Every structure is written in structure tokens, then in C-alpha cells.
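Residues per chain are reported as follows:
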Amino acid sequence: MDDIIVRFENVTKQYDNDPPVLTDISFELERGKFYTLLGPSGCGKTTILRLIAGFTEPTMGKIYLSGQDVSSVPASKRQVNTVFQDYALFPHLNVYENVAFGLRVKRMDRPTIDAKVREALRFVNLIGLENRGVAGLSGGQQQRVAIARALVNEPQVLLLDEPLSALDLKLRAEMQYELRELQQRLGITFVFVTHDQEEALALSDEVFVLNNGVIQQRGTPIDIYDEPVNRFVADFIGESNIVPAVMVADGLVEFLGRRFECVDGGFRPDEPAEVVIRPEDLEVTTVEQGKVQVRVDSLLFRGVHYEICCYDDDGNEWLVHSTKRVKVGDRIGLYFDPDDIHVMRIGETEAEFDRRLESYATQGGVADGVQIA
Amino acid sequence: MESRSRNLYLIPYGLWIVVFVVAPLILVFYYSMLDINGKWTLANYTRFFTPVYLKMAIKSFWYALLITAVSLVVAYPAALAISRTRHKQLWLLLTVLPSWINLLLKAYAFIGLFSAHGPVNAMLAALGVGPRQIMFTDFSFLFVAVYIFVPFMILPIFNSIEEISPSLIAAAHDMGASEWVTLRRVIFPLTANGVKSGCRAVFIPALSLFMITRLIAGNRIITLGTAIEQHFLVTQDWGMGSTIAVFLVIAMGLIMALTDGTGSGHVGRERRV
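So, how was this worked out
Throughout, residues of each chain are indexed from 1 in the direction in which the sequence is written. The order in which chains are written sets their letters, starting at A; the order in which ligands are written sets their numbers, starting at 1. Per-residue local features are limited, in this predicted model, to residues with pLDDT of at least 70; the limit for side-chain atom pairs, both in listing and counting, is 80 or more; totals at the level of whole chains, interfaces and linings are taken over all residues. The basis for every side-chain value is the complete set of non-hydrogen atoms in the structure, without hydrogens or water. The way it works is that DSSP assigns letters per residue, a run of H or I at least four long becomes a helix, a run of E at least two long becomes a strand, and they are numbered from the N terminus. Contacts: residue pairs with any heavy atoms within 4.5 Å of one another. Working definition of accessibility: Shrake-Rupley area with a 1.4 Å probe, residue cover restricted to the visible protein chains. For the purpose of charge, His is not counted, nor are the chain termini; Lys and Arg are scored as positive and Asp and Glu as negative. Charged side chains are reduced to one point each, which is NZ for Lys, CZ for Arg, CG for Asp and CD for Glu. Any helix carries an expected span of 1.5 Å times its number of residues minus one. Burial classification: accessible surface area is computed with a 1.4 Å probe over protein chains only, and a residue below 20% of its type maximum counts as buried, one above 50% as exposed, and the rest as partly exposed. This arc describes the spread of directions from the helix axis toward the C-beta atoms. Accessible area that two parts lose when put together, with a 1.4 Å probe and added across both, is what the buried area reports. For salt bridges, the criterion is a side-chain nitrogen of Lys or Arg within 4 Å of an Asp or Glu carboxyl oxygen. Polar contacts here mean pairs of N or O atoms no more than 3.5 Å apart (in protein, one a potential hydrogen donor and the other a potential acceptor; neighbouring residues in sequence count only if both atoms are side-chain atoms). Only Asp, Glu, Lys and Arg are considered charged, only Ala, Val, Leu, Ile, Met, Phe, Trp, Tyr, Cys and Pro nonpolar, and every remaining residue, Gly among them, polar. For every residue, the predictor states its confidence as a pLDDT score lying anywhere from 0 to 100. Strand pairing requires that DSSP identify at least two bridges connecting the strands. Lines fitted to C-alpha atoms define the axes, with helix axes restricted to the stretch in contact, and inter-axis angles between N-to-C directions lie between 0 and 180 degrees. In summary, the pairing rule links any two rings of Phe, Tyr or Trp, Trp by its six-membered ring, whose centres are within 6.5 Å, and it sorts them by plane angle into stacked for under 30 degrees, edge-to-face for over 60 and tilted for everything else. In this scheme, the term charge over a ring applies when either NZ of a lysine or CZ of an arginine sits within 6 Å of the ring centre and within 35 degrees of the ring normal. Throughout this description, any angle smaller than 35 degrees is read as roughly parallel, any larger than 145 degrees as roughly antiparallel, any in the 65 to 115 degree range as roughly perpendicular, and the remainder as oblique. Domain extents, as shown, originate in an automatic or database domain assignment.

**Student:** What's the story with the overall build of chain A in this structure? I'm lost.
**Tutor:** On a plain count of helices and strands, chain A comes out with nine helices and 20 strands. Across its three principal directions, the C-alpha atoms of chain A cover 75 × 45 × 40 Å. The long-range share in chain A, meaning contacts at least 24 apart out of those at least 6 apart in sequence, stands at 65%. Accessible surface, chain A: about 17,200 Å² in total, of which carbon and sulfur atoms supply 47%. Here chain A holds 39 positive side-chain charges and 60 negative ones, and the gap between their average locations is 8 Å.

**Student:** So what exactly am I meant to see when it comes to helix α5 (residues 169-186) of chain A here?
**Tutor:** Note that an α-helix has 3.6 residues per turn; residues three or four places apart therefore point the same way. Residue and element names in this part refer to chain A. The first and last C-alpha atoms of α5 sit 26 Å apart over 18 residues, in line with the 26 Å expected at 1.5 Å per residue. Every buried residue of α5 is accounted for by Arg172, Met175, Gln176, Leu179, Arg180, Leu182 and Gln183. Within α5, the buried residues cover an arc of 160° as seen down the axis, which keeps them to one side. Residues Lys170, Tyr177 and Gln184 are exposed on α5 and point more than 90 degrees away from its buried face. Taken together, the buried residues of α5 touch β3 (34-38), α3 (110-123), α4 (139-151), β7 (157-161), β8 (189-194) and α6 (197-203). Directly beyond the C-terminal end of α5, a positive phi value near 70° is found at glycine 187.

**Student:** Just checking my understanding: could you explain the interface of chain B and chain A for this structure?
**Tutor:** Taken residue by residue, the interface counts 20 residues in chain B and 23 residues in chain A. Interface of chain B and chain A: buried area, both sides summed, is about 1,700 Å²; carbon and sulfur atoms make up 64% of it. When residues of chain B are sorted by the area they lose upon contact with chain A, B:Asp174, B:Met175 and B:Arg185 head the list and together hold 40% of the total. Applying the counting criterion to the chain B and chain A interface returns zero salt bridges. Between chain B and chain A we count five residue pairs in polar contact (both at pLDDT 80 or more) in total. Secondary-structure elements contributing two or more residues to the side of chain B that touches chain A are α8 (166-174) and α9 (179-190) of chain B. Top element by residues in the side of chain B that touches chain A is α8(B). It accounts for seven residues. When grouped by side-chain class, the residues that make up the side of chain B that touches chain A number ten nonpolar, six polar and four charged.

**Student:** Got a minute to help me understand the pattern of salt bridges in this structure?
**Tutor:** Residue and element names in this part refer to chain A. Under the definition given, this model contains 25 salt bridges over all chains. Two residues, glutamate 130 and arginine 118, come together in a salt bridge whose shortest N-O distance is 3.0 Å. Of this pair, glutamate 130 sits in the loop between α3 and α4 while arginine 118 sits in helix α3, and the two are twelve residues apart along the sequence. A salt bridge links arginine 144 to glutamate 178; the nearest nitrogen and oxygen atoms lie 3.2 Å apart. Of the two residues, arginine 144 is situated in helix α4 and glutamate 178 in helix α5; the sequence distance between them amounts to 34 residues. Linked by salt bridges that have partners in common, Arg268, Glu271, Arg345, Glu348 and Arg356 make up one network.

**Student:** Mind showing me how you'd approach the confidence of the model for chain B here?
**Tutor:** Low-pLDDT portions of the prediction should not be read for the details of their coordinates. Residues and elements named next belong to chain B. Of the residues in chain B, 95% have a pLDDT of 70 or more, and the chain-wide mean is 87. In this model, residues 262-273 is a region of pLDDT below 50 whose contacts with residues beyond four sequence positions or in other chains number 19 contacts. Scoring the predicted complex yields pTM 0.80 and, for the interface, ipTM 0.81.

**Student:** I keep staring at the sheet that holds β8(A) and nothing clicks. Help me out?
**Tutor:** Sheet strands line up and pair through hydrogen bonds in the backbone, either parallel or antiparallel. Residues and elements named next belong to chain A. A sheet is described by the order of its strands in space; here six strands give the open sequence β6-β7-β8-β3-β9-β10, paired in mixed fashion. Bordering the open sheet on either side are β6 (80-83) and β10 (214-219), each of which pairs with just one other strand. Taking each pair of neighbouring strands and ignoring which way they run, the sheet shows an average axis angle of 20°. The sheet contact formed by β7 and β8 spans five bridges and is parallel. Bridge pairing in β8 places leucine 159 opposite valine 191.

**Student:** How should I be thinking about the packing of aromatic side chains in this particular structure?
**Tutor:** Remark: the centre distance and the inter-plane angle together describe each pair of aromatic rings, the angle taken between the planes. Counted by the stated rule, this structure contains 31 aromatic pairs over all chains. Taken together, a centroid distance of 5.5 Å and an interplanar angle of 40° make the contact between A:Phe34 and A:Phe190 tilted. Within this pair, whereas A:Phe34 is found in strand β3, its partner A:Phe190 is found in strand β8, the two being separated by 156 residues in sequence. Across this residue pair, the class does not change: A:Phe34 and A:Phe190 are buried. Aromatic side chains B:Phe139 and B:Phe143 sit 5.7 Å apart centroid to centroid with 40° between the ring planes, which places their arrangement in the tilted category. Residue B:Phe139 and its partner B:Phe143 are both found in helix α7 (residues 138-162); the two are separated by four residues, about one turn of the helix. Grouping aromatic residues by their ring pairs yields a cluster made of B:Tyr30, B:Tyr31, B:Trp40, B:Phe232 and B:Trp238. Sitting above the plane of the A:Tyr64 ring, A:Arg7 keeps its charged end 4.4 Å from the centroid. Across from the ring centre of A:Phe267, 4.3 Å away, lies the NZ or CZ of A:Arg356, which sits over that ring.

**Student:** Could you clarify how one ought to interpret unusual backbone geometry in this entry?
**Tutor:** Most peptide bonds take the trans form, and the phi angle of most residues other than glycine is negative. All names here are of chain A. At serine 66, a position not held by glycine, the phi torsion is positive, near 50°. The phi torsion at arginine 107 lies on the positive side, around 55°, for a residue other than glycine. Mapped onto the elements of the fold, arginine 107 is located in the loop between α2 (95-105) and α3.

**Student:** How do you make sense of the pairing of β10(A) when you look at a structure like this?
**Tutor:** Along any regular strand the residues' side chains alternate between the sheet's two faces. Residue and element names in this part refer to chain A. Where strand β9 (residues 206-211) lies against β10, five bridges are found, and the strand directions are antiparallel. Bridge pairing in β10 links valine 209 to glutamine 217. Connecting β9 to the antiparallel partner β10 that follows it, the hairpin turn spans two residues, and asparagine 212 within it adopts a positive phi of roughly 50°.

**Student:** Which parts of the structure should I look at to understand the packing of helix α3 (residues 51-83) of chain B against helix α12 (residues 224-233) of chain B?
**Tutor:** If you want to describe how two helices pack, look at the angle between their axes and the distance between the axes. Residues and elements named next belong to chain B. Viewed as axis vectors pointing N to C, α3 and α12 meet at an angle of 130°, and their least axial separation amounts to 8 Å. As the angle between them shows, α3 and α12 are arranged oblique. Facing α3, whose interface residues are Tyr53, Met56, Ala57 and Ser60, α12 presents Leu224, Ala227 and His231. Here the residues of the contact of α3 with α12 sort into five nonpolar, two polar and no charged.

**Student:** Got a minute to help me understand the domain arrangement of chain A in this structure?
**Tutor:** Residues and elements named next belong to chain A. Along its sequence, chain A is carved into domain 1 (4-226), domain 2 (240-278 + 340-373) and domain 3 (283-335). Once you take the C-alpha centre of each, domain 1 and domain 2 turn out to be 36 Å apart. Contacts between the two partners involve eight residues from domain 1 and, on the opposite side, four residues from domain 2. Overall, the association of domain 1 and domain 2 removes approximately 550 Å² of surface from exposure, summing both partners, and the carbon and sulfur fraction of that is 34%. Broken down residue by residue, the surface that domain 1 buries against domain 2 is led by Asp223, Tyr225 and Asp226, which jointly contribute 59%. Joining domain 1 to domain 2, the criterion identifies one salt bridge.

Pasting the structure below:
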């Protein structure tokens, strides 16, 4: 229990009479982990961050920090710091004073402030820029100042609100490494908000996928990628081929008029479902060897692989990532293994998914490699 | 091509400036070199440095300073309050509205309010502390002047508050700053330019106030503005009046130069309603 740093208990947030931004959200965050809140804009991810920081209060429910109810404690009294999307550096202060702000507010003595500020600046590689104005810094440098300014207060939780969205691609990739490394060096909890699924997968210990104010799925990046609970998650995380299917029995699914062996179960007999196959799990082969026969419609060279867009005879679109070269108009076969197929119940929530998995597992079905929370 | 059409557009304004700004300034300077009989002289300038006029100048500055200071004390909290209301633009409009009404009308209205048998004295009497002499006092002068100038102070301050990104305020709270510390360490410094232009918008016209010195202060307070008016309309000494005007223009120019926004970091754009 001591390991829980942030806890949301049935939190709902609603502004005026608008539909709620968050609906009955409960979760726990552990100490020292890197969490990512992932979702499209307006899904409620930033609201969760603002609730943890204390910039806004929950309409219903309770928020705990280190076991204490902080639902109505103002931001200034919470041991939590934020790196803002626009960095929110004080334009009237130089780099040093920006970082020193929180310490000055806490009325620490000069030598302590000086030592802490220099340590924080060293931490983010900004030594030598102390006296520079913040307006003249590059995006990456401003970002580091913002991180140093937050870290110098020794927060228990660091909140990062899309901090990389303003950076160009290369700098962004660099900062991703730095952030991950920073979090591991510090060992504090990071809560990172982003709409970039690649970023989320690369950085996190655990990802929360949100949509319409509800947590769709939480889990390790691998869980989320390999076992999306519903169409939204499958679609939002990575590229996927989603086809309608019927779950004939445990381990046997029917789509495109044929039956395929699979590793999922716990469905009602002949229950309608959806099948997800990732583009990189499809193998290009001959028409005879393929489990699905398709015609190549277009081809994009992506550097690492070709992105091949094909259509089967029923008109379903198939996206394939392959290093094999094919020509537009070719008829090819696509091969996949039983464990490349992931079958989803239509509209299933995470809780239902977990329950089904558990009952299926206790019935002695094939374990699906999913950790049961 | 582009610069030619731009120059064309500038013609009306250029004409306006020449006829109503440059020419009058030259005329004022020209008249300041003439004595009462129209002869060339520098006596007006030596006269300005006699105690009578110097005292008047100091008094003008003192009252302008006082008016500016009181306006600031009233306007800053008002601007802060307006920026936190739900219907900011409406409240701003309501506070700025009186500045659209003619100055004389407002002055006459105050004469009615402050007179011996006016509503203010009636109220004081009802409270058992009146009636008192309100008209023709320093207090009434200051009060009416502040009333007239306060909108010009509120506007630029309000605009500079509005320009502060909400995330800066959130960041200050995030780092443990209370409301008051946020105000002192973030909002005050970032509104310095608004305060500066507000002070300028009040101090400079306050320096040459003349109408309300007569109507409200009953000529008990003689500022440089009053003196100019008196010389032109009463003593007919246009030369001396112009000399005072020259000094006022110089003073204003100096103030503009000194308060010009070479201040720290944040450059505030001004937005007018």
C-alpha cells in the first residue's frame, strides 16, 4: 500500500453543464514508475494531470497523494510539479531565477538555493546558461529549464503535459531518451501526457489509453499493443487490420468465410467479434501458401520496410509491412500464425476483458500471455 | 511600387500632422519669443525661472504625481478584479464608459454632487458629520481628477494582465507560490509595462489640467495649465503663455523618453477596446 503514490477514487470532472470530461475514473499509480496518459485531444488526459497537480478540483470522487486525501488541497501545497506544454517559463526572469523560483518562494537561504539550482542545472546540462534570458533559448533548452525548475522542488510526482509536442522530430527523439534516462536516475514517478502513441510505447512502464473521459485500457506497452481490448485501442495504437469475425469456439475464429485457429477464448459460441492483425505480423507469400489472397493496390517505401496496401476478394483492405518487394497489381498470399490473430469482443471494456480472461484461464483455456491485473 | 502606394496612404495623416501638430508647435515656439507688444525678446524665458512660475511648475508636477499615484492605487486592483470576472469585456466597457462623456459635463455633475446643498452633503448630514465644505478643496480636485483619469490607467493595466499566459500563473502555484506571492513575483513584474503606459496616459494630461482646477478647485490650485489659459484669455500675454507651453511640451517629451519601454524582458503590446 505504501507503494501507491497517486490514487483516484471514482473521480468525475464536469465543467458547468457540459458533458463530463472524466467519468468515474479510478486508478492507482506506483512510486518510481513512468506512466503515460495517451489519447486523442479532448479525451480527458490533461484533465487528469490538472487534477493531480491541483489546478482543478474533482466534481465527484477523491484524489489521494501518498495516502492523503488532497481533493481540495491547492496546487501550491502539493508535492507535485508540472512541466507545462508551453514550458511556462517566467519571461521576466533569467534561467537561474526561473529554476530558483520555487526555492525562493519557500524562503530557503541563499547558499542552499544556489547549491540546489546549480545541481538541477547540471542535471539537465544547462551549466553556463544561468544568466541568459529565457526568450533567447532554443526549444530544447527551454524544455530543460522547465524540467530543472520542476525537479529542483524535489517532487514526489513529476507531471509532464505534452512537453515534447513543440520540438522538431530529431530533438524530440533525443529528449525521449533523456526523459526516460532522467526518470530512471531520479527514481520518482513520472506522469506523461501525450497523443503520440509511439512516444507512449517507447517511454512508459505503463500506458493508460483514454477516450471520451474513460480509461479504455491500461497496461505495459507490450500488453496494449499486442492485446488491445477494443477497436478504439487497436486503432489508436499502431496500425492494424481489423476485420469482422465470428468466434465459433474457443481457439477457433471464422472470418472471410473461413475458419482459422487462434489462441483467444471465453466467448459465447458463435459470438460476433472483431479480429486484429498487425501489418508486421502478415507475411507476404505465394497465393497457394497464403491464408488470405489479396491483390496489391499500392506500395510505399518507408525505409525500413514497404508499406503495402492490398484488397482481398471481399473488398477488405489489408495493410502489410514487409521487406519483400512486390509490384502493384500482383496477386499475393498473406500468411499469419494463430497467435498473430487477436480476437476482440465488440465494445468490450477493460474490466470485462479482464474478467473474461480470468474465467477463461481458470477454465483451463490456453493462456494468452496477458498479465491479469 | 509597394512603397509608392504606402506613401500615398500616408498623405492624409501627414497633412493632418503638419497642420495640427507641427505648425502649432512652431507657432507656440514663435510666440514664446515675443513680448506683449509683439517685439522679439527672451524675457519670457527668464521670467519662467522666477519663483512664481517655478512654484507653479512644482505644484503642477506634484498634483500630477498625486493624481497618477491615486489612480494607480485605484486602477490596479480594479484591473485585476475585472480580469477575473466572468464577463470581462462587459465590466471593462462599464468602467471605460464614463471616459466617453464630455469632461465638462462630468465636472459640472460633480459641482452639483459636492455643492453645499448637494446629495453628498445631505448624506453626510444624515450621518451626523456634515455639512462640510467639499467644493474648492484639494480633496475634491484630486477626487474628480482621479475619477476622470482612472479609465486610462485601468485599460493598459488590464491589457497587460490579460496578456499573461494562464500557465505562468499555474506554474507559480505549482511551485508553491500563494496568491499573494504569485501577484508579487509574477503578475506585478509582468504588468510593469502596462503600469508604465497607464502612468504616462494619466501623468501627462494631468500636468496640463486646467478646466477642473477652475471648476472644482475654484482656482485655489494654479497649475501650469491654468496659467496658460489665464495668459491667453485673461492677461492676453500670449508670449508668456506660449513659453509655459514650451516648457510643458519639453517636460512631456522628457517623460515619454524616460518611460519608453526599454524596460525588462516582457514587451507588452497594447490593446485598445
